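# Descriptive analysis of the structure
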Amino acid sequence: MDFIELSKKRYSVRKFSSQKVEDEKIEKILEAGRIAPTAKNSQSHKIFIIKSKDALEKIYSATPMSYHAPIVLMVCYDKKTSYKNTRPLKKSVKEFTNTI
């Protein structure tokens, strides 16, 4: 599948079932995040798996964008180890986010 075909087939999920996500699928997603390229190979990201009912309730109350997913992967980065562009920029740039 090429990128154009993939882009045409993508969609945004806004409603999740309560079905448990299999550990094998979670491991596959985490592996993709582990091998994903990072700026200057800084590897400054951390991925937290949120599954517990209490932790999920906190996520649900913090944002309506969780759509009550049965699991949340929280992607964070370490400011101290992340790549910083030291070249002068013509435009102001806010912090970059990690994406998978």
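Residues numbered from 1 in each chain as written. Predicted model: local features only at pLDDT ≥ 70, side-chain atom pairs only at ≥ 80, totals over all residues. Heavy atoms only, no water.

In this section: unusual backbone geometry. Positive phi, normally seen in glycine, also occurs at Gln43, with a value near 50°. With respect to the secondary-structure elements, Gln43 resides in the loop between α2 (23–35) and β1 (45–50). One non-glycine residue, His68, lies in the positive phi region at around 55°. Structurally, His68 can be placed in the loop between α3 (53–62) and β2 (72–77). (Helix = DSSP H or I, 4+ residues; strand = E, 2+ residues; numbered from the N terminus.)

Turning to the pattern of salt bridges, a few remarks are in order. Tallied over the entire structure, the rule returns five salt bridges. Between Lys20 and Asp23 there is a salt bridge; the shortest N-O distance is 3.8 Å. The class of Lys20 is exposed, set by a relative accessible area of 58%. The partner of Lys25 in a salt bridge is Glu22, with the nearest N and O atoms 3.3 Å apart. On the basis of relative accessibility, which here comes to 31%, the residue Glu22 falls in the partly exposed class. The network of salt bridges with common partners includes Lys20, Asp23 and Lys51. (Salt bridge = Lys/Arg side-chain N within 4 Å of Asp/Glu carboxyl O. Buried < 20%, exposed > 50% of the residue type's maximum accessible area, 1.4 Å probe, protein only.)

This next bit is on the nonpolar core. Residues Ile50, Leu56, Ile59, Tyr60 and Val72 constitute the largest nonpolar core, which totals five residues. Per-element tally for this core: the top contributor is α3, with three residues. When residues no more than four places from it in sequence are discounted, the contact partners of Ile50 are Ala55, Leu56, Ile59, Ile71, Val72 and Met74. (Core = buried A, V, L, I, M, F, W, Y, C linked by side-chain atoms within 4.5 Å. Contact = heavy atoms within 4.5 Å.)

Take the side chain of Ser44 next. Mapping Ser44 onto the fold places it in the loop between α2 and β1. What Ser44 contacts, discounting residues up to four positions off in sequence, is Cys76, Tyr77, Asp78, Thr81 and Ser82.

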